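# Descriptive structure summary
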Amino acid sequence: TSGAWLFSLVVLVCACSVRAGEVTVSNVRVQALSPILIRIESQGPRGFEDRPTFTAVDRNFSGIPIKVVNGSDTEAWLQSDYYFVHLKFADASSTRFQSHTDVADPVRSASYPDGTQASTRDDCASMCQKDSTCRAWVFVGQDSNDVNCWPLSDYSQRVVSTDREFGCIDESCLSRVVSAAVLAANGTVLWQQDGQPPVGSELLHWPSPVTDAAYALTDYPRFFAPAWGPTPVPAGVVVDPALVDTNGYDFRNNQYGDQYIFLLGDSLESWQAARAECIKLIGPTPLLPDFAYGTWFTWWHSYTEEEAKADVQRWKSDDLPIDVWGLDMNWRNTTDEQDRFYDHPNTTLFPNFTEWFDYLAENNLRTYFNDHPFPVDNQTTPKEVAFRWDGLTSWLAKGLTFWWFDRNWGFSIPPPNRPPVDGWNVSHTGGNWNGMDNAAWGSHLYFSTVERYNKDSRPADFPRTITLTKFDQPDWKAGMSPMLHAESPAQHRYPVWWTGDGVTLQASVESMVDSGVHDLKPFVHSDCGGDYRPDTGGDLLRWTAHCVFGTILRFHGSDHRPWGYTTEVEVVIRLYLKLRYSLIPSLIAAGQTATVSAFPLVARLDLFYPEHPEARSNQQYLFLNDTLVAPIFDSSENVTSRQVWVPPGDWQDVWDGSVVTGPQTITTSQPYEKQPMWHRRGGMFVSVDSAALRVDDLDWSTLVLQVFPHLSSPTPTTTRLVASKNDDTPTTSVHMDTVALPSRRFTRIAIEPTRAHSSPNWLLRIHLRPNERVSAVYVDGVERTSSVTVLNPLPFAAGYFPFGGRGSRPAMHAGDIVEVDVDRSPRARSIVVEFL
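Report on the accompanying structure. (Residues numbered from 1 in each chain as written. Predicted model: local features only at pLDDT ≥ 70, side-chain atom pairs only at ≥ 80, totals over all residues. Heavy atoms only, no water.)

Our next topic: helix 11 (residues 584-597). Here helix 11 is 14 residues long and its end C-alpha atoms lie 20 Å apart, about the 20 Å a rise of 1.5 Å per residue gives. Within helix 11, 11 of the 14 residues are buried, which leaves it mostly tucked inside the rest of the structure. Burial in helix 11 covers these residues: Ile584, Pro585, Ser586, Leu587, Ile588, Ala589, Ala590, Gly591, Gln592, Ala594 and Thr595. In this structure, the buried residues of helix 11 make contact with helix 3 (268-282), helix 10 (567-582), strand 27 (621-623), strand 32 (684-688), strand 33 (702-707) and strand 34 (715-722). Once helix 11 finishes, Ala598 follows within two positions and takes phi at roughly 65 degrees, a positive value. (Helix = DSSP H or I, 4+ residues; strand = E, 2+ residues; numbered from the N terminus. Expected span 1.5 Å × (residues − 1). Buried < 20%, exposed > 50% of the residue type's maximum accessible area, 1.4 Å probe, protein only. Contact = heavy atoms within 4.5 Å.)

Bringing the state of the cysteines into the picture now. Following the criterion strictly, the structure yields four disulfides and no others. For Cys124, the disulfide goes to Cys149, at an S-S distance of 2.1 Å. Judged by the torsion about the S-S bond (85 degrees), the Cys124/Cys149 disulfide is right-handed. Here Cys149 lies in strand 10 (residues 149-154) and Cys124 lies in helix 2 (residues 121-130), a separation of 25 residues in the sequence. (Disulfide = S-S within 2.5 Å.)

Ordered in space as 22-23-24, the three strands form an open sheet in which the pairing is parallel. For this open sheet the edge positions go to strand 22 (469-470) and strand 24 (524-525), each flanked by a neighbour on one side alone. Two elements, strand 23 (residues 497-498) and strand 24, share two bridges in a ladder whose sense is parallel. Note on strand 24: the bridge partner recorded for Trp498 is His525. (Pairing = 2+ DSSP bridges.)

Scanning the entire structure with this criterion turns up 54 aromatic pairs. An angle of 85 degrees between the planes, with centres 5.7 Å apart, marks the rings of Trp299 and Tyr303 as edge-to-face. When the ring of Phe350 is compared with that of Phe353, the centres are 5.1 Å apart and the planes differ by 15 degrees; the resulting orientation is stacked. Exposure remark for Phe350: the relative accessible area of 0% places this residue in the buried category. Geometry around Tyr565 places Arg533 over its ring, the cationic atom sitting 4.0 Å from the centre. Just above the ring of Phe746 sits the side chain of Arg744; from NZ or CZ to the centre is 4.0 Å. (Phe/Tyr/Trp six-rings, centres within 6.5 Å; stacked < 30°, edge-to-face > 60°. Lys NZ or Arg CZ within 6 Å of the ring centre and 35° of its normal.)

Another aspect to go through is the pairing of strand 14 (residues 214-218). A regular strand places its side chains so that they alternate between the two faces of the sheet. Burial within strand 14 is extensive, with five of its five residues counted as buried. Pairing between strand 14 and strand 15 (residues 259-263): five bridges, direction antiparallel. Looking at the pairing, Ala216 lines up with Ile261 of strand 15.

As for its position among the elements, Glu510 is in helix 8 (residues 505-518). There is no salt bridge for the buried Glu510, and the closest opposite charge comes from Arg642, which lies 8.8 Å off by N-O distance. For Glu510, the side chain forms a polar contact with the main-chain nitrogen of Gly479, separated by 2.8 Å. At 2.9 Å, the side chain of Glu510 forms a polar contact with the side chain of Gln506. Once you skip the residues sitting within four places of it in the chain, Glu510 turns out to touch Ala478, Gly479, Asn618 and Gln619. (Lys, Arg positive; Asp, Glu negative; His and termini not counted. Salt bridge = Lys/Arg side-chain N within 4 Å of Asp/Glu carboxyl O. Polar contact = N/O pair within 3.5 Å; in protein donor to acceptor, adjacent residues only side chain to side chain.)

Right, let's talk about the nonpolar core for a bit. Ranked by size, the top nonpolar core spans 140 residues in total, and within it Trp325, Trp356, Trp403, Phe549 and Trp762 carry the most contacts. Considering each element in turn, this core owes the most residues, seven residues, to helix 10. If we skip the residues at most four places from it in the chain, Trp325 touches Phe297, Tyr303, Ala308, Asp311, Val312, Trp315, Trp356, Leu360, Leu365, Arg366, Thr367 and Tyr368. (Core = buried A, V, L, I, M, F, W, Y, C linked by side-chain atoms within 4.5 Å.)

Let's shift gears to the pattern of salt bridges. Scanning the entire structure with this criterion turns up 49 salt bridges. Between Asp626 and Arg720 there is a salt bridge, and its shortest N-O distance comes to 2.9 Å. One end of the pair, Asp626, is in the loop between strand 27 and strand 28 (627-629); the other, Arg720, is in strand 34, with 94 residues separating them in the sequence. Considered together, Asp626 and Arg720 belong to a single accessibility category, that of buried residues. The residue Arg827 makes a salt bridge to Asp780 at a minimum N-O spacing of 3.3 Å. Here Arg827, found in the loop between strand 41 (817-822) and strand 42 (829-835), pairs with Asp780, found in the loop between strand 38 (774-779) and strand 39 (782-783); they are 47 residues apart in sequence, far enough to count as distant. Taken together, the salt bridges that share partners define one network made up of Glu22, Arg29, Arg39, Glu41, Asp50, Arg222 and Asp258.

What follows is the structure, given as structure tokens:
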């Protein structure tokens, strides 16, 4: 027990060289990076690793003092002001192994092509040591004459097993630490690990809020990635001769068991603090270009240039907002293996791609191509790096905006240090190197290539980089465990991600919501509309509503052109797309928040209400913090019902204005065109006051602040950040709180510039409940009551669409909307709204 452990503490001075915030005992280094982050690292083949690695890009923490209070070659106790660390080390004379572990893609050693029989684990290890071709072994203990020992010359990765044990000759593939624990200052065990770090701990799966006291992440495979990544070595850079053949990547100090332990605490605040430490360590998700929040469209269809131009014009003539129009694989010839290269464009369909790119630019559209790459050499070799760089950038130079790395094809590249799957002639998609798959490696390769090209050749046009890659290997199915989309921690630095082929609407919602919690990926999304042609336009309406209130709005798969069904369907799709574009300021601000804190744009409800088990559902979410969204998955009937858990507080139905109070589970029914959604009373959001067909063309000179005061009780301050067009950080913060006293009720709104910028005009739309009335409005202390506009609810439901701007009347069961204009000002503005 923890008490017994603490009782064994004996104060002894460690005679070892230390730096502030770290100690070394028995070839194991412990770094106290912060009060909530500890690193435990076995010495690697080339010593301890202080360089940034592919996973851990920033260890520049302030550190806290830590010391050894009891240490030996087999055990050590360490102490800081915040926690104790207890370690046990492998005996040099004993066989090191990892329990519950098998391997994938085993290659038997020369002496034991069929395996062998061993009486003990040590016997199996001894057989491997005596075989010059053996580097690892797998053993299963059993009392029989069956084969139970497999000496191996190679394998791709470790996998979980119920009864097998894994060992290796090279000490770098197992940790020196065989038992580890972190205890609070009072002796409470916060984290404990018996044996080697478990298989899968190298993949990021951040725990749900307030469920675990700690989380351990293993940096494996651990390697140094050069600043230029998988692109050519920049001119003038001198590379270590030993690393020339790997393009500057250094795989020589790979060591199993380099672990980072995050102390999560017991509150939402401490959980978020640990998450912030993780983002610092493994790097943030970069900012997206503004256009990425608009509509994307591709269709797996062999477009001719004439057809493509006709569709682009149809989007324009039908007044449908769109920013990205791309081509799937039909941009290149696919016969006779020509699609393994980049210099065989399909000139039958598109006679002149330069002219096509110019046409898109004239229409202010961005574009991308699908690529399923075929290797010409091992990853990171000069030959492969040059081939991929030359091929990808040749199209960027012609006018392509970015690339889609499509690992969902018959062939693809493997990860580094692994040969192509099933040989060089086929190179089937897949492959794994010590837990890194080709989905993660491909994300790194394509994003890094586009990023460097943008910086070197077109920095003004594309200051922020984007690519489209797969979020993990499986094509997502409804009900799958989110553990199955745990990926390399580095992959979240390379947005955006799609969930694969054949993904249903339910699977789309579940994967998007869970990825924001567990993967720190704020831009996971699915092919909007699905990989099928819906039987009814109503199915596409359900998809469209979900995607509009999701992370990335990208129509793909079958024919999901908005005009493909009835005029009524296209009208509703147009309304949803325009709604999305009105929210661009809020979406961009949410993306900026995601970069800083990894807080997702679509948030599972336990990120706000962790004390409620119902909040962990991945079938509903909060969009931009204040809109409860519960998509309907069943499109077999028009009016369909589903259950929704309503969180604590008051929530206003966006369609009819009625209010429901949580926490409770309700049943709601809506037709195809209405996705169940509720505004949080006490919440707010920002929109633009005009429409446009491109994000770049939106008019930001007046922003609309839509506020929903909660007058039945005092509310804590709600703060929302506001972005500016083509800016990297928020330029304004808006604060709202409500004071509810027996004698007086009022809402205060403060609009505060965070730095000097060209401030907009503001239109405040104050959404009241029935029977609530405004008695006075003050702007910077000056009464403006006589100049406000009061909009009464519509008397009927027909024709109403939510999230409207200036002059839009409220839904039939809502209260009035009061509009107040506030002129632009470089200084902070204060608005007080008093109620009868």
